[in-house]
Amino acid sequence: MLKQSRFFRFQNGTERYIYSGYTGLLLKDNDTIKNFLDNPYGDETLEKYLISDMGSGHTKNYSNTTPYVEGIILFVTNYCNLNCIYCYNKSNEINKADHMSTDTFEQAIQYFLQNFHYGKTISMQFFGGEPLLNFPLIKHAVAYARELQDQYNVKFWFSITTNATVITKEIRDFLWENKIEIMVSIDGDRATHDKQRPFLDGSGSYDTIMKNVQLLSGLPALVRATIYDPRTNLVSLYEDLIESGFESLLIDYASINKCPVSKDDLDLMAANIKDLAGYVSRNMQEGRVIRFKNIMENIFKIHNGSKKRHPCDTGVSRFTVACDGKIYGCHRFNNLETLNWGNVFKGLDFSKRTDFLSSHIISQRNPYCQHCWAGMLCGGDCYHTSYMASGNTRSIDQTHCFAMKEIIAKSLLIYTSLSEEMRSRIGKRTIRATPIKERQTNFPYVAQSIKDGIEVLNIRALASTSDSDLSVCDCDFCEGCSSDIIYA
Ligand code: SF4
Ligand code: SF4
């Protein structure tokens, strides 16, 4: 049955728009559409553009398929020198806090190469704890992976998520020489950051990090901020962090159980997201790029007709190996035994992976996501955030969901403000499941008129299939931005 909750209507200036959560198409809205949705069917054109994917698409059977690996996240150490207030890992409190051994690392890489499908490249991300506390293994890992490239006909590219407290000139040169992309975690100004990300002894880490960030100048570095206070001014946060020399900013709101919020807080969060959208839109109109990834990636997905089945590639094509060799889908599942999927010595438990992915497809996950207009752009809430909020990976964290919907709604608004020239610069789709050349056909950037007064704005979405789980952006807006880095 048609669900009205799967349509999102909004206004930009004098124009009205409607986004269909069934087809992923963004149309100019008018009374013809309104009348059709009040009494659907009987108009083949509107059926095609507004409701044609009803009941199809968002199902997939993962059983009996050999996984395809695109990314491996390696906990090179569990140790950390910070004590972040929202940390899910608290590695120093975990009895097994340890470094990954060289043997475990080599076994992990060999295991994936010998037992999984893969394409031309595999990303390898160094994670922890603070991964640079085990710099010797990172050096070995890069050299070892490079040695295997010819034998397995694959190229590795590397990234690291670091708190930037232990960067030295030697580490900087190594990262540069090996083209390792860097994701640095900084939560805002000194007061905010020091409160949220202190050293183990309670002292602030901000000054140390900002000094080290200067060493990273010229390297491909993104910054990631965890928003603990929902009232955070996102425009100031962006301007301060980009001024420090980072290429782009990604934010994530801390889980609700760490950060209880009131109705007033949600209103302030929405107001801040609205201000951010206005800032991004104004700058784009004037030809300036705002590299706020949460917004830019949604614009990319809207443009290309994303039909996400899951929130991320966790367990689909990206796997995590813990220090002791245990395999998890997401890096945040580290040490959550119920979410362990085997280890690199005995192998992946395929049935656990299959059960997890099948039961978390958005159409199967929970009533909120099943009936949500934003589902194909969101893919459902982060499993780990949901787990932290309720102990159930299939539910949602209401605060996260609220923020997600606000950001997607404002991304749609920005999209409708873009000129055709701006839209022509949005990247083409890059879809894993289908040969890329087949999909990069020449879709026009201009809106397509389908009926009197009704136009489709995101024409490329017409070619979107249920496989269109757009996770890789090749957007022209953020030339050089490292879009495929892991979002910790
Ligand atoms: S998490 Fe929220 S925004 Fe995302 S699909 Fe589910 S209900 Fe929609
Ligand atoms: S933290 Fe959440 S969104 Fe990120 S990879 Fe893990 S499950 Fe996916």
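Calculation notes
Residues numbered from 1 in each chain as written. Chains lettered and ligands numbered in written order. Predicted model: local features only at pLDDT ≥ 70, side-chain atom pairs only at ≥ 80, totals over all residues. UniProt positions renumbered as here; feature names shortened; annotations may be inferred. Helix = DSSP H or I, 4+ residues; strand = E, 2+ residues; numbered from the N terminus. Near = placed C-beta within 6 Å. Nonpolar A, V, L, I, M, F, W, Y, C, P; charged D, E, K, R; others polar. Axes fitted to C-alpha atoms, helices over the stretch in contact; angles between N-to-C directions. Parallel < 35°, antiparallel > 145°, perpendicular 65-115°, else oblique. Left-handed = near helix turned anticlockwise from the far one by under 90°. Contact = placed C-beta atoms within 7 Å. Core = buried A, V, L, I, M, F, W, Y, C linked by C-beta atoms within 7 Å. Buried ≥ 20, exposed ≤ 12 C-beta atoms within 10 Å, placed from the backbone.

Looking up the chain in an unreviewed UniProt entry gives the name Radical SAM protein, with the organism given as Pelotomaculum isophthalicicum JI. Under Cofactor (unreviewed entry), UniProt gives the following word-for-word description of the chain: "[4Fe-4S] cluster".

**Here we look at unusual backbone geometry**
Although it is not a glycine, Lys-179 adopts a positive phi angle of roughly 50°. Examined against the element boundaries, Lys-179 turns out to sit in the loop between helix 5 (169-177) and strand 7 (181-185). For Asn-335, which is not a glycine, the phi torsion comes out positive at approximately 75°. Inspection of the secondary structure assignment puts Asn-335 in the loop between strand 11 (326-328) and strand 12 (340-343).

**Quick notes on the site of ligand 1**
Neighbouring residues of ligand 1: Tyr-368, Cys-369, Cys-372, Ala-374, Gly-375, Cys-378, Gly-380, Asp-381, Ile-396, Cys-401, Met-404 and Lys-405. Counting residues per element, the ones that place at least two in the shell around ligand 1 are helix 13 (367-370), helix 14 (375-378) and helix 16 (398-417). The element contributing the most residues to the shell around ligand 1 is helix 16, with 3 residues. Across the shell around ligand 1, the residue classes break down as 8 nonpolar, 2 polar and 2 charged.

**Some words on the packing of helix 9 (residues 263-285) against helix 16**
At a minimum axis separation of 10 Å, helix 9 and helix 16 run at an interaxial angle of 25°. Considered as vectors, helix 9 and helix 16 are oriented roughly parallel to each other. As helix 9 runs across helix 16, the sense of the crossing is right-handed. Each of Leu-266, Met-269, Ala-270, Ile-273, Lys-274, Ala-277, Val-280, Ser-281 and Gln-285 in helix 9 lies in contact with helix 16, whose residues at this interface are Phe-402, Ala-403, Glu-406, Ile-407, Lys-410, Leu-413, Ile-414 and Ser-417.

**Thoughts on the nonpolar core**
By size, the foremost hydrophobic cluster in this structure holds 112 residues, and its most contacted members are Ile-72, Leu-74, Ala-108 and Val-321. The dominant element in this core, judged by the number of residues it contributes, is helix 16, at 8 residues. Each residue touching Ile-72, except ones within four places of it in the same chain, is listed here: Ala-108, Phe-112, Ile-122, Met-124, Phe-319 and Val-321.

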